[in-house]
Amino acid sequence: QKEVEQNSGPLSVPEGAIASLNCTYSDRVSQSFFWYRQYSGKSPELIMSIYSNGDKEDGRFTAQLNKASQYVSLLIRDSQPSDSATYLCAVNSGNTPLVFGKGTRLSVIA
Amino acid sequence: DTAVSQTPKYLVTQMGNDKSIKCEQNLGHDTMYWYKQDSKKFLKIMFSYNNKELIINETVPNRFSPKSPDKAHLNLHINSLELGDSAVYFCASSPFVAGSYNEQFFGPGTRLTVL
């Protein structure tokens with residue numbers, strides 16, 4: 001059974017701080033890793049994808065992947081109240097369905 | 001210019017009824033999906049179609065039947081609705097069948113409530 005684990009939170013950070021969201025996965029042959037943001041009552045929105053070890057930066061977001069440790073993280077710099085949402089980690093390996101974690105709820109306090 | 005659209009947005013119905021949810025994507029993607037998100041917000045895949053062909057069919061009761069008239073549309077028909085079917089159903093699409101770069105884009109969701 002392929003699993004994707006996330007701390008459900010809530011993770012509370014003050015405005016302007018760095019929010020660090022973590023995700024571990026069980027399938028060693030996983031190839032593609034995604035972070036989705038889901039506001040309450042809305043659909044998941046893709047914010048980052050990463051496919052190789054290391055860091056990938058896009059604006060205030062940085063995704064970090066360590067395949068040896070089976071670990072992927074998302075850093076949000078200069079956190080804003082508008083970043084308050086649930087962040088879903090999703091992992092894909094070959095011809096298998098995308099597997100989602102249960103999400104981490106982030107609360108940015110003004 | 002909505003990328004992935006679903007109708008209806010809300011669906012309230014009685015147990016035992018049959019209902020359908022429609023999904024359309026204008027992204028030119030080959031693959032479409034149905035996901036169920038339960039009250040605990042866990043998002044789980046139900047079905048996937050690639051160019052009108054069923055490629056993923058997770059453990060879902062056979063009361064649920066997807067239909068893809070063309071690669072831009074994927075509908076979900078549910079027979080004999082049960083209380084446990086209450087959830088938000090999301091349609092999604094992606095340019096690739098599977099493997100790397102399988103970035104999926106979600107529709108706005110259909111909140112189904114079975115009374």
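The structure presented is a predicted model; accordingly, all values stated were derived computationally and were not measured.

A.B. asks: Explain the sheet that holds strand E1 (residues 4-7) of chain B to me, please; I cannot follow it from the model alone.
C.D. replies: In a beta sheet, neighbouring strands pair by backbone hydrogen bonds and run either parallel or antiparallel. Residues and elements named next belong to chain B. Spatially, the four strands line up as an open sheet ordered E1-E3-E8-E7, and their pairing is antiparallel. Each of the sheet's edge strands pairs with one partner strand only, and the pair in question is E1 and strand E7 (64-70). This sheet shows a mean twist of 20° between the axes of neighbouring strands, independent of strand direction. As defined by bridge partners, E1 adjoins strand E3 (residues 19-25) across four bridges and the pair is classed as antiparallel. By the bridge assignment for E3, threonine 7 is matched with lysine 22.

A.B. asks: Which parts of the structure should I look at to understand the interface of chain A and chain B?
C.D. replies: Note: interface size is frequently given as the accessible area lost on complex formation between the parts. On the chain B side, the residues contacting the 21 residues of chain A number 20 residues. When chain A packs against chain B, close to 1600 Å² is buried across both sides, 59% of that on carbon and sulfur atoms. Our enumeration of links across chain A and chain B arrives at zero salt bridges. Scanning the region where chain A abuts chain B turns up five residue pairs in polar contact (both at pLDDT 80 or more). Sorting the residues of the side of chain A that touches chain B by element identifies strand E4 (32-38), strand E5 (45-50) and strand E9 (85-92) of chain A as the ones contributing at least two each. Considering each element in turn, the side of chain A that touches chain B owes the most residues, four residues, to E4(A). By residue class, the composition of the side of chain A that touches chain B is nine nonpolar, 10 polar and two charged.

The rules we used
Residues numbered from 1 in each chain as written. Chains lettered and ligands numbered in written order. Predicted model: local features only at pLDDT ≥ 70, side-chain atom pairs only at ≥ 80, totals over all residues. Heavy atoms only, no water. Pairing = 2+ DSSP bridges. Helix = DSSP H or I, 4+ residues; strand = E, 2+ residues; numbered from the N terminus. Axes fitted to C-alpha atoms, helices over the stretch in contact; angles between N-to-C directions. Contact = heavy atoms within 4.5 Å. Buried area = accessible area lost by both parts, 1.4 Å probe. Salt bridge = Lys/Arg side-chain N within 4 Å of Asp/Glu carboxyl O. Polar contact = N/O pair within 3.5 Å; in protein donor to acceptor, adjacent residues only side chain to side chain. Nonpolar A, V, L, I, M, F, W, Y, C, P; charged D, E, K, R; others polar.

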